[in-house]
Amino acid sequence: MENTLFLYNTLSRTKEKFVPIHEGHVGMYVCGPTVYGDAHLGHSRPAVTFDLVFRYLKHLGFKVRYVRNITDVGHLENDADEGEDKIAKKARLEELEPMEVVQYFSDRYHNSMDKLNVLKPSIEPRASGHIIEQIQMVQTILDAGFAYESNGSVYFDVEKYNKENRYGILSGRILEDLLSNTRELEGQDEKRNSFDFAIWKKAQPEHIMRWPSPWSDGFPGWHLECSAMSAKYLGEQFDIHGGGMDLLFPHHESEIAQSTVCHHQTPARYWLHNNMITINGQKMGKSLGNFITLDEFFAGTHKALEKAYSPMTIRFFILMAHYRSPLDFSNEALQAAEKGLSRLLKSIVTLSKLSAGSTSTSNITELEEKCYEAMNDDLNSPILIANLFEGVRIINSVNDQKESLTQVDLDKLKNLFNTFIFDILGLMPESDQQAGNEVIEGLMNLVLEFRANARANKDWTTSDKIRDALAGLKISVKDTKNGVTWNLD
Ligand code: ZN
């Protein structure tokens, strides 16, 4: 198949024809999660977006090496290299080893991704497993004169870099503007300029995640891991670098600066960024009380949710918007997605039962071309979905005997639906899973009613028996002010 895929490149700010460095092969790096909490709606968008990229490139016949990292060290609470390491903080609060926190939340993240039918990347490297590579990069940057040591920490010298290169090439920011906009923060006296960023941080005495280095016992700066791991697994220059728009600055901007100093070229040719998800027009945040985890969506347990939404509903909801457009969550929008998905999946059953006519009243070849055109135009999934709904209209019309399709066109339409709905959009029928969930929900309500009755009658033998049996099934029950809740651990 001829490749006519165009992608919007954040670096050039235009749609460019996608031409890989090595014919037939694609190297793609996407910034993965910092694993210190449950995956929430915000995590699902980059995961589904780059899953769509991965699936479509594979469909076009490319051999894709997809690297998505796990950040398990070095991501501090704020971008000015201040505050505690996010993983270390969680470990301190929960009295766990940092790597226990990492394991627990990585497992849960993978579980949520499996439910969303997000394919596993080819390599999923962790920052803590690549300390040597990162120390080597710090040394190279120091040797090249683009970093300086201060009190055992090493900072990237942005101003010096900007004299020969452009810091801001990706985000469009101008260093002089940054200079006038940054206020001096306390504790930043180690840096020559407030916009310099740490590539190595000396660990405070209480900091447990630390490694020896020529400068101090410490840990790498957050931006460095992606530069080190992408070069290790994809080479000094590779094809696609992706992530959420929130990572564009300073994370990706700094990655470009570090890699350019070490390898004398921009690390990736195409930079793809997905837009963010808002909730009823507001940014998501723990403090705003609208921070909904994926498990809460699947179980319908957050107060902002009118009901539970299945993983495929969430996936379809994300795909119904173009990845570069903002996407606003609301119960209405998700219920519309749920209805649309159900209509699309039902039509596949209808399609399998249609019988062929002697003529075709619709042009299926043209419909197929439109589907490819949409995907080739910077992965325009909403236009693709609109075309698939034109397919649904044709199917229903043939079913109502208002239109007809020949056997050749029927087969073509079946193939088209299979390819785009299952392989490329990555949707899957989930009626079994949904039905199963409803049965579990019903049974749990019954069991909890027995438990409530037993407790009301002070029948502790029965209530204990129910509690132990549920614990044996790894179901935890909590009594809260608003009633009884339960969770699968
Ligand atoms: Zn990254």
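Given the structure is predicted, the values throughout are model-derived calculations rather than measurements.

Caption draft 1: Focus on the overall build of the chain. Counting secondary structure elements, the chain contains 16 helices and 16 strands. The C-alpha atoms of the chain give a radius of gyration of 26 Å, which matches the 23 Å a tight globule of 489 residues would have. Based on the C-alpha atoms only, the size of the chain along its principal axes is roughly 75 × 75 × 35 Å. Counting over 489 residues, the chain shows a buried share of 51%. The long-range share in the chain, meaning contacts at least 24 apart out of those at least 6 apart in sequence, stands at 74%. By element, 50% of the accessible surface of the chain is carried by carbon and sulfur atoms, the whole surface being about 23200 Å².

Caption draft 2: Highlighting the pattern of salt bridges. Per the stated rule, a full pass over the model turns up 18 salt bridges. Salt-bridge contacts for Asp 157 lead to Arg 192; the nearest nitrogen and oxygen are separated by 3.4 Å. Note that Asp 157 is positioned in the loop between β8 (153–156) and α5 (158–164) and Arg 192 in the loop between α6 (175–181) and β9 (197–202), a separation of 35 residues in sequence. Note on Asp 157: relative accessible area 9%, which makes it buried. The closest approach of N and O atoms between Lys 307 and Glu 338, which form a salt bridge, is 2.8 Å. Highlighted residues: Lys 307 in the loop between α9 (294–299) and α10 (311–319) and Glu 338 in helix α11 (residues 331–353), separated in sequence by 31 residues. Taken together, the shared-partner salt bridges connect Asp 38, Arg 108 and Asp 295 into one network.

Caption draft 3: A look at a nonpolar patch on the surface. Together, Val 439, Leu 443, Leu 446 and Phe 450 make up a nonpolar patch on the protein surface, roughly 400 Å² of accessible area in all. With respect to the helices and strands, Leu 446 occurs in helix α15 (residues 431–456).

Caption draft 4: Quick peek at the coordination of the zinc ion. Around the zinc ion, the protein contributes the donor atoms Cys 31 (SG), Cys 226 (SG) and His 251 (NE2), which lie 2.0 to 2.1 Å from the metal centre. Each donor residue of the zinc ion lies on one chain, and together they are spaced C-x194-C-x24-H. Of this pair, Cys 31 sits in the loop between β3 (25–30) and α1 (41–59) while Cys 226 sits in helix α7 (residues 222–234); the two residues are 195 residues apart in sequence, bridging distant segments of the chain. Assigned by exposure class, Cys 31 and Cys 226 land together as buried.

Caption draft 5: Representation of the domain arrangement of the chain. Per the domain assignment, the segments making up the chain are domain 1 (6–274), domain 2 (294–424) and domain 3 (432–488). Taking the mean C-alpha position of each, domain 2 and domain 3 sit 38 Å from one another.

Caption draft 6: Helix α4 (residues 131–143), seen in detail. Taking 1.5 Å per residue as the helical rise, α4 with its 13 residues ought to reach 18 Å, and the 18 Å between its terminal C-alpha atoms agrees with that figure. Of all the residues in α4, the buried ones are Ile 131, Glu 133, Gln 134, Ile 135, Met 137, Val 138, Ile 141 and Leu 142. As for α4, its buried residues are in contact with β7 (147–150), β8, β9, β10 (218–220), α7 and α8 (248–263). Gly 145, located one to two residues past α4, shows a positive phi value of around 85°.

Caption draft 7: α8, seen in detail. A large share of α8 lies buried, amounting to 16 of its 16 residues. Backbone geometry just downstream of α8 places His 264 in the positive-phi region, at approximately 60°.

Caption draft 8: Here's a closer look at the sheet that holds strand β11 (residues 238–244). One open sheet holds the four strands; their spatial order is β4-β3-β11-β12, and the pairing between them is parallel. Every other strand in the sheet has two partners, leaving β4 (63–68) and β12 (268–274) as the edge strands with one partner each. The sheet shows a mean angle of 20° between the axes of neighbouring strands, taken without regard to direction. Pairing between β3 and β11: three bridges, direction parallel. Among the inter-strand pairings, Met 28 is bridged to a residue of β11, identified as Ile 240. The strands that α7 touches are β3, β4 and β11; relative to β3, the one it contacts most, it runs at about 160°.

Caption draft 9: Broad picture of the packing of α10 against α11. It is at 9 Å that the axes of α10 and α11 come closest, and there the two elements cross at 100°. On the basis of the axis angle, α10 is roughly perpendicular to α11. Of the residues in α11, those in contact with Met 312, Thr 313, Ile 314, Phe 316 and Phe 317 of α10 are Ala 333, Leu 334, Ala 337, Glu 338, Gly 340, Leu 341 and Leu 344. Class assignment for the residues of the contact of α10 with α11 results in nine nonpolar, two polar and one charged.

Caption draft 10: Here's a closer look at the sheet that holds β7. Across the sheet, four strands lie side by side as β7-β8-β9-β10; this open sheet has antiparallel pairing. Each edge of the open sheet is held by one strand with a lone partner, namely β7 and β10. When strand polarity is set aside, the average angle formed by the axes of neighbouring strands in this sheet is 20°.

Caption draft 11: Inspection of the pairing of β4 at higher detail. Here β3 pairs with β4 via six bridges, running parallel. Its bridge partner being in β4, Val 26 is matched across the sheet by Val 64. As a crossover connection, the stretch from β3 through α1 into β4 is right-handed.

Caption draft 12: Here's a closer look at the packing of aromatic side chains. Applying the stated rule across the entire model yields 13 aromatic pairs. Look at Tyr 104 and Phe 105: their rings are 4.9 Å apart centre to centre, the planes differ by 80°, and that puts the pair in the edge-to-face class. For Phe 105, a relative accessible area of 11% translates into the label buried. Considering the side-chain rings of Phe 297 and Phe 329, the 5.5 Å spacing of their centres and the 80° angle between planes classify their relative orientation as edge-to-face. Placement of Phe 297 in helix α9 and of Phe 329 in strand β14 (residues 327–329) is noted, with a sequence separation of 32 residues between them. On the basis of relative accessibility, which here comes to 0%, the residue Phe 297 falls in the buried class. Given a relative accessible area of 1%, Phe 329 falls into the buried group. The cationic tip of Lys 58 hangs over the ring face of Phe 54; the distance from NZ or CZ to the ring centre is 4.5 Å. Of note, Arg 192 hangs over the ring of Tyr 148, and the distance from its end group to the ring centre comes to 4.0 Å.

Conventions and cut-offs
- Residues numbered from 1 in each chain as written.
- Predicted model: local features only at pLDDT ≥ 70, side-chain atom pairs only at ≥ 80, totals over all residues.
- Heavy atoms only, no water.
- Helix = DSSP H or I, 4+ residues; strand = E, 2+ residues; numbered from the N terminus.
- Rg over C-alpha atoms; globule rule 2.2 N^0.38 Å.
- Buried < 20%, exposed > 50% of the residue type's maximum accessible area, 1.4 Å probe, protein only.
- Contact = heavy atoms within 4.5 Å.
- Areas by Shrake-Rupley, 256 points an atom, 1.4 Å probe, with all protein chains shown as cover.
- Salt bridge = Lys/Arg side-chain N within 4 Å of Asp/Glu carboxyl O.
- Patch = residues over 30% accessible without salt bridge, like charges linked within 9 Å, V, L, I, M, F, W, Y side chains within 5 Å.
- Donors = N, O, S within 2.8 Å, 3.2 Å for Na, K, Ca; no water.
- Domains from an automatic or database assignment.
- Expected span 1.5 Å × (residues − 1).
- Pairing = 2+ DSSP bridges.
- Axes fitted to C-alpha atoms, helices over the stretch in contact; angles between N-to-C directions.
- Parallel < 35°, antiparallel > 145°, perpendicular 65-115°, else oblique.
- Nonpolar A, V, L, I, M, F, W, Y, C, P; charged D, E, K, R; others polar.
- Right-handed = clockwise from strand over helix to strand, strands pointing away.
- Phe/Tyr/Trp six-rings, centres within 6.5 Å; stacked < 30°, edge-to-face > 60°.
- Lys NZ or Arg CZ within 6 Å of the ring centre and 35° of its normal.

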